[in-house]
Amino acid sequence: MTATLKQDIKDKARQLGFILAGVTSCTPPAHYPIFEEWLNKGFHGAMNYLVEERSRTRRADPRQIFPECKSILVLALPYLNLEGRMQNAEFQIAAYALGEDYHEVIPPRLKLMVEFIEEQIGYPIPNRYYTDTGPILERELAQRAGLGWVGKNSMLINPTAGSTFFLAEILLGIELEPDDPITDHCGTCTRCITACPTQAILPNRTLDARRCISYLTIENKGDIPEELRPPMQDWIFGCDICQMVCPWNRFSAPPDSAFEPPTPLRISAPDLTLSSVEFNRRFKRSPLKRAKRRGVLRNLAVAIGNSGNKTDLPILEQAIQDDEPLVREHAKWAREKVRSKK
Ligand code: SF4
């Protein structure tokens, strides 16, 4: 019965667009102490929500979030693959952010998954679902559920689908047989470590988030340290470099249609003068709204500075008058960078 139910659940997951599905138990993640050590070394930067006592307790044991948990279904939904991202323009946006906001797309499908399971067993079941929002170590759970291994770049990598997918988890109040984990296939490869322009990937499988372009452009709400601005190159929201160089992404799955926009999101230098109203209208359905206008414009100013394009100087002059101090400061830095370019 359980094996058949599990297979039916996986078939349904595939119908809903999830390319990978696996089951793990609710036992505490074995690597939690490594996460604690990472926090204690301060690698999480200003992501203070990670260090709160309640958040730590819950990450250490899924049953602290949901005591009825008996098994966890882990799912993967593919976003735009990296070839798609590379068709993007002048300034770079991480592939996952070029389509609809995944926080809007994935939860309704998780709800449908739960409804399907309830129909199969004939009664309501306690459940809780997350996509990137829950206090759980989702990549470790995904590894345990057989979806892939955590690569040296800290992404979850699947041998047939690369790493260009979102993860989602459903904590279930029913017992399902756990799947077998996949072993690590990074081997002696160090491409992501070498390619990272800010040296955020440390050799011992540790990511120094404070140096990671994704962190600097999204999670970081304040100034970008000056020494990290030039290596950020033309990235204005997230970064795909460690995934672009990863050989396993030759096997990236085709994207779900929700993440393959008919017209790819593009940002150009004149967007540095977007008003709040224009920004909100333009990014209403995009993950970029998470960084807010001040964050996106801060990042764009840095990228314009790095491009060194003198025709952008009038735009920078205008941004130096912006109401937002964060935008003004980064625009000033960019103006000096462009002016100094030979
Ligand atoms: S680039 Fe190489 S080392 Fe890095 S995650 Fe991919 S396989 Fe692992």
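Residues numbered from 1 in each chain as written. Predicted model: local features only at pLDDT ≥ 70, side-chain atom pairs only at ≥ 80, totals over all residues.

Trainee: Could you give an account of the overall build of the protein, with specific residues and numbers?
Mentor: Per the secondary structure count, the protein includes 14 helices and 10 strands. Its C-alpha atoms give the protein a radius of gyration of 21 Å, within 12% of the compact-globule value 20 Å for 342 residues. Taking the principal axes of the C-alpha coordinates as reference, the protein spans close to 70 × 40 × 40 Å. In the protein, which comprises 342 residues, the proportion classed as buried is 42%. (Helix = DSSP H or I, 4+ residues; strand = E, 2+ residues; numbered from the N terminus. Rg over C-alpha atoms; globule rule 2.2 N^0.38 Å. Buried ≥ 20, exposed ≤ 12 C-beta atoms within 10 Å, placed from the backbone.)

Trainee: If you had to explain helix α12 (residues 292-307) to someone new, which residues and values would you point to?
Mentor: Taking 1.5 Å of rise per residue, the 16 residues of α12 would be expected to cover 22 Å, and the 23 Å separating its terminal C-alpha atoms lies within 8% of that figure. Along α12, 13 of the 16 residues are buried, which leaves the element largely enclosed by surrounding structure. In the stretch just after α12, G308 is the one whose phi turns positive, near 70°. (Expected span 1.5 Å × (residues − 1).)

Trainee: Go over unusual backbone geometry, please, and point to the residues and values.
Mentor: The residue S154 is not glycine, and still its phi comes out positive at about 75°. Structurally, S154 is set in the loop between β5 (149-150) and β6 (156-157). The class of S154 is partly exposed, set by 17 C-beta atoms lying within 10 Å. For Q233, which is not a glycine, the phi torsion comes out positive at approximately 55°. Among the secondary structure elements, Q233 is positioned in the loop between α9 (213-219) and β10 (235-237). A tally of 18 C-beta atoms within 10 Å means that Q233 is categorised as partly exposed.

Trainee: Can you explain the sheet that holds strand β2 (residues 71-78)? Please cite residues and give values.
Mentor: Spatial ordering of the open sheet is given by β1-β2-β7-β4, a layout of 4 strands whose pairing is antiparallel. Where the open sheet ends on each side, the last strands, each with one partner, are β1 (20-24) and β4 (127-130). Neighbour-to-neighbour, the strand axes of the sheet open up by a mean angle of 15°, direction not taken into account. As paired elements, β4 and strand β7 (residues 165-172) share 4 bridges and run antiparallel to each other. Along β7, the bridge assignment pairs R128 with L171. Here helix α6 (residues 102-121) sits on the sheet in contact with β2, β4 and β7, set at roughly 40° to β7. (Pairing = 2+ DSSP bridges. Axes fitted to C-alpha atoms, helices over the stretch in contact; angles between N-to-C directions. Contact = placed C-beta atoms within 7 Å.)

Trainee: Can you lay out the nonpolar core for me, pointing to particular residues and giving the numbers?
Mentor: Within the largest apolar cluster, 91 residues are counted, with the highest numbers of intra-cluster contacts made by I72, L75, F166, L300 and A301. Taken domain by domain, the makeup of this core includes at least three residues from each of domain 1 (1-221 + 233-260) and domain 2 (267-342). Not counting residues up to four positions away in its chain, the partners in contact with L75 are A13, F18, L20, A21 and A168. (Core = buried A, V, L, I, M, F, W, Y, C linked by C-beta atoms within 7 Å. Domains from an automatic or database assignment.)

Trainee: Describe in detail the environment of E324, supporting the description with residues and values.
Mentor: Among the structural elements, E324 can be located in the loop between α13 (313-319) and α14 (325-340). Remark: the alpha-carbon pair of E324 and R59, spanning 265 residues in sequence, is separated by 36 Å.

Trainee: So what's going on with the domain arrangement of the protein? Which residues, and what values?
Mentor: According to the domain assignment, the protein consists of domain 1 (1-221 + 233-260) and domain 2 (267-342). Counting from both sides, the interface comprises 17 residues of domain 1 and, opposite them, 15 residues of domain 2. Broken down by secondary-structure element, the contributors of at least two residues to the side of domain 1 that touches domain 2 are α6, α9 and β10. No other element matches β10, which puts 3 residues into the side of domain 1 that touches domain 2. In terms of residue class, the side of domain 1 that touches domain 2 is made up of 9 nonpolar, 2 polar and 6 charged. (Nonpolar A, V, L, I, M, F, W, Y, C, P; charged D, E, K, R; others polar.)

Trainee: Which residues make up the site of the ligand, and what values do they have?
Mentor: Every one of the 13 residues lining the ligand counts as a neighbour, but G151, C186, C189, C192 and C246 are closest to it. Split into classes, the residues belonging to the shell around the ligand amount to 8 nonpolar, 3 polar and 2 charged. (Near = placed C-beta within 6 Å.)

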